[in-house]
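Each chain is listed here by its residues.
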Amino acid sequence: MSDYFGVIGFLLIAGGFSWLVDHSPFSKHTLSRAMDVHRRRWMEGMANRQVRIMDSQIIAGLQNGIAFFASTALLGIGAAFTLITALDPVMSAVQDVPFLDASSRLQWEVMSLGLLVIYAYAFFKFGWAYRLVNYSAMLLGATPDTGRDEAASEEILAAARRAGAMNVVAGRQFNRGLRTLFMSIGYLAWIGGPAAQILVTLAVAAILVYRQFASPALTALKAGDLPAQG
């Protein structure tokens, strides 16, 4: 049982981080929530434009980025499956490496299966995010045109808000998939033992917490709220 303390620690850390940035009272101060506001503002600004080619290009860029990470998750699934089916040569190759634990084949099988589940979960999130971005593109296309020199009507704004809300949901799914890929780095540390797995997972979680609550990116989003400096 002690061999799997690292996995238990990984699950507790990953779950705690997810609660912190998604459901805790502090979640409204994260970088992701700040970007949700700008996603909605983007769609409301789109409602007042007659030509929306730029908005369509941004949507296409988001789709390409999500597709890239979905492909990366697929490669991870393939690598994890290969590891499961070729454990003997892998364990023989690392058994003489210091600080690596290659004593239990059953442990390696269980850990490799867990890695497969992690990458499959990430692919599921990226695939759903890609579908939701497609829906966002459809809602953008369904937004009625604004007449020349006219402000967007309430009907047009309502359609834009629907597109913005869909874009927010897509962004959150993408963030969870990306978070899973980052946390998988901590999971991979199981080859160094339970303590290494917990420590590396804590380090990854600390970096992600910093990015969400105190990164220069978050400061840049708040720059518009600060008075201009002479």
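Summary of the structure given here. (Residues numbered from 1 in each chain as written. Predicted model: local features only at pLDDT ≥ 70, side-chain atom pairs only at ≥ 80, totals over all residues. Heavy atoms only, no water.)

## Structural notes on the packing of aromatic side chains
For the structure on display, the rule yields 5 aromatic pairs. Summarising the aromatic geometry, the rings of Phe 69 and Phe 126 are spaced 5.8 Å apart at their centres and angled 25° between planes, so their arrangement reads as stacked. Linking Phe 69 in helix H3 (residues 53–85) with Phe 126 in helix H5 (residues 105–142), this pair joins segments that are 57 residues apart in sequence. Judged by relative accessible area, Phe 126 falls into the buried class, the value being 0%. You can call Phe 69 partly exposed: its relative accessible area is 24%. The rings of Phe 68, Phe 69, Phe 126 and Phe 174 are connected pair by pair, giving a single aromatic cluster. For the cation-ring pair, Arg 211 lies above Phe 182, with the distance from its terminal atom to the ring centre recorded as 5.4 Å. (Phe/Tyr/Trp six-rings, centres within 6.5 Å; stacked < 30°, edge-to-face > 60°. Helix = DSSP H or I, 4+ residues; strand = E, 2+ residues; numbered from the N terminus. Buried < 20%, exposed > 50% of the residue type's maximum accessible area, 1.4 Å probe, protein only. Lys NZ or Arg CZ within 6 Å of the ring centre and 35° of its normal.)

## Topic: the pattern of salt bridges
Summed over the entire model, instances satisfying the criterion amount to 7 salt bridges. A salt bridge links Arg 179 to Asp 22; the shortest N-O distance between them is 3.0 Å. Of this pair, Arg 179 sits in helix H6 (residues 154–188) while Asp 22 sits in helix H1 (residues 5–22), and the two are 157 residues apart along the sequence. Relative accessible area serves as the criterion here: at 18%, Asp 22 is assigned to the buried category. The residue Asp 145 makes a salt bridge to Arg 52 at a minimum N-O spacing of 3.8 Å. Remark: Arg 52 occurs in the loop between helix H2 (31–47) and H3 and Asp 145 occurs in the loop between H5 and H6; sequence separation between them is 93 residues. (Salt bridge = Lys/Arg side-chain N within 4 Å of Asp/Glu carboxyl O.)

## Topic: the environment of Asn 48
Relative to the helices and strands, Asn 48 is located in the loop between H2 and H3. Each C-alpha atom of the pair Asn 48 and Ala 60 lies 20 Å from the other, and the pair is 12 residues apart in sequence. Excluding anything up to four places from it in sequence, Asn 48 contacts Thr 146, Ala 151 and Ala 152. Only 3.3 Å separates the side chain of Asn 48 from the backbone oxygen of Glu 44, close enough to count as a polar contact. (Contact = heavy atoms within 4.5 Å. Polar contact = N/O pair within 3.5 Å; in protein donor to acceptor, adjacent residues only side chain to side chain.)

## Observations regarding the packing of H2 against H6
Angle between the axes and distance between the axes: these two values describe a pair of packed helices. The geometry of H2 relative to H6 is characterised by a closest axis approach of 8 Å and an angle of 150° between their N-to-C directions. Our classification of the angle between H2 and H6 gives roughly antiparallel. Where H2 crosses over H6, the two elements pack in a sense that is right-handed. In this structure, H2 uses Ser 32, Arg 33, Asp 36, Arg 39, Arg 40, Trp 42, Met 43, Glu 44, Met 46 and Ala 47 to contact H6, whose residues at the interface are Ile 156, Leu 157, Ala 160, Arg 161, Ala 163, Gly 164, Asn 167, Val 168, Gly 171, Arg 172 and Asn 175. (Axes fitted to C-alpha atoms, helices over the stretch in contact; angles between N-to-C directions. Parallel < 35°, antiparallel > 145°, perpendicular 65-115°, else oblique. Left-handed = near helix turned anticlockwise from the far one by under 90°.)

Nothing here speaks to function; it is all geometry.
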